[in-house]
Amino acid sequence: MNTRTFFGNTFSGMTLLAALTGCATTSLPPLAVPEALQVPAGQKLVLDARATGVQIYVCSAAKADPAHTEWAFKAPEASLFDAAGNSVARHYAGPSWESPDGSKVVGAVQAKQDDPAGKAIAQLLLSAKSVSGTGIFSHVTYIQRLATGAGNAPADGCTAASLGKEARVPYTARYRFYAAS
């Protein structure tokens, strides 16, 4: 029997396929999507998931003025869960999303909308730069990062004495994955 280990769990291919297929039809609460972050016509939702994780920043020399310091974004690190609370993917640098079925999508930012209150990371529309494997992410064409909570770079703590220091800032978001219909 074909099995895979992911997030510390062992899944048979059929069990995993059944679980992920169910995720595509499980619905999370509706939310408003800003006009600038809408996917083009002809796309269908294949996965809607909640993410919990961290945004990782590194204290670096400021790009605009190397004599100063700033927190620079390094990578995300998050787990994605369906409406029933089942782990369905992990999110990491790239930005990349990988499913337990072995499929993976790497995105490229197409549009962003900053949080008007400045309390959370931007909401995004990404296009698929590459996909691999066979499974839930193998046909993804667009990704939305919506309903973001927290995750902004720290307001302080980045000084010349702390260059190279990392900050792991908790965040939450909703990720929606689309494929051509």
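Coordinates for the structure precede this section.
Owing to the predicted nature of the structure, the values given are computational and were not obtained by experimental measurement.

A few points about the sheet that holds strand β8 (residues 123-132)
Each strand in a sheet pairs with its neighbour through backbone hydrogen bonds, running either in the same direction (parallel) or in the opposite one (antiparallel).
Okay, so step 1: Around the barrel, 8 strands lie side by side as β3-β4-β5-β6-β7-β8-β9-β10; this closed barrel has antiparallel pairing. Each strand of the sheet is rotated relative to its neighbour by a mean of 30°, with strand direction disregarded.
Okay, so step 2: With 4 bridges connecting them, β8 and strand β9 (residues 140-150) associate as antiparallel partners. Residue Leu 126 lies in a different strand from β9, and its bridge partner there is Ile 143.

Here's the deal with the nonpolar core
Okay, so step 1: Core analysis: the largest hydrophobic core is formed by 29 residues, its most contacted members being Leu 80, Trp 97, Phe 137, Ile 143, Tyr 175 and Phe 177.
Okay, so step 2: Secondary structure elements with two or more residues in this core: β3 (43-61), β4 (69-81), β5 (87-92), β8, β9 and β10 (166-180).
Okay, so step 3: The element best represented in this core is β10, accounting for 7 residues.
Okay, so step 4: Apart from residues no more than four positions distant in its own chain, Ile 143 is found in contact with Trp 97, Val 105, Gly 107, Leu 124, Leu 125, Leu 126, Tyr 175, Arg 176 and Phe 177.
Okay, so step 5: The next biggest cluster of nonpolar side chains, apart from the first, holds 7 residues, and it includes Val 39, Ala 111, Leu 125 and Tyr 178.

Considering the pairing of β8
Okay, so step 1: In terms of strand pairing, strand β7 (residues 104-113) meets β8 through 9 bridges, oriented antiparallel. Across the sheet, the residue bridging to Gly 107 is Ala 128, located in β8.

Quick word on the state of the cysteines
Disulfides are covalent bonds that connect the sulfur atoms of two cysteines.
Okay, so step 1: Within the structure shown, the criterion is met by 1 disulfide.
Okay, so step 2: Two residues share a disulfide in this structure: Cys 59 and Cys 158, whose sulfurs sit 2.1 Å from each other. Measuring handedness by torsion sign, the sulfur bridge of Cys 59 and Cys 158 sits at about 90° and is right-handed. Within this pair, whereas Cys 59 is found in strand β3, its partner Cys 158 is found in the loop between β9 and β10, the two being separated by 99 residues in sequence.

Notes on the pattern of salt bridges
Okay, so step 1: Under the defined criterion, the tally for this structure stands at 6 salt bridges.
Okay, so step 2: Arg 174 serves as the salt-bridge partner of Asp 48, at 2.8 Å between the closest nitrogen and oxygen. With Asp 48 in strand β3 and Arg 174 in strand β10, this residue pair connects regions lying 126 residues apart in the sequence.
Okay, so step 3: For Asp 48, a relative accessible area of 7% corresponds to the buried category.

Reading the values: the criteria
Residues numbered from 1 in each chain as written. Predicted model: local features only at pLDDT ≥ 70, side-chain atom pairs only at ≥ 80, totals over all residues. Heavy atoms only, no water. Pairing = 2+ DSSP bridges. Helix = DSSP H or I, 4+ residues; strand = E, 2+ residues; numbered from the N terminus. Axes fitted to C-alpha atoms, helices over the stretch in contact; angles between N-to-C directions. Core = buried A, V, L, I, M, F, W, Y, C linked by side-chain atoms within 4.5 Å. Buried < 20%, exposed > 50% of the residue type's maximum accessible area, 1.4 Å probe, protein only. Contact = heavy atoms within 4.5 Å. Disulfide = S-S within 2.5 Å. Salt bridge = Lys/Arg side-chain N within 4 Å of Asp/Glu carboxyl O.

The quantities given are spatial measurements derived from coordinates; they are silent on function.
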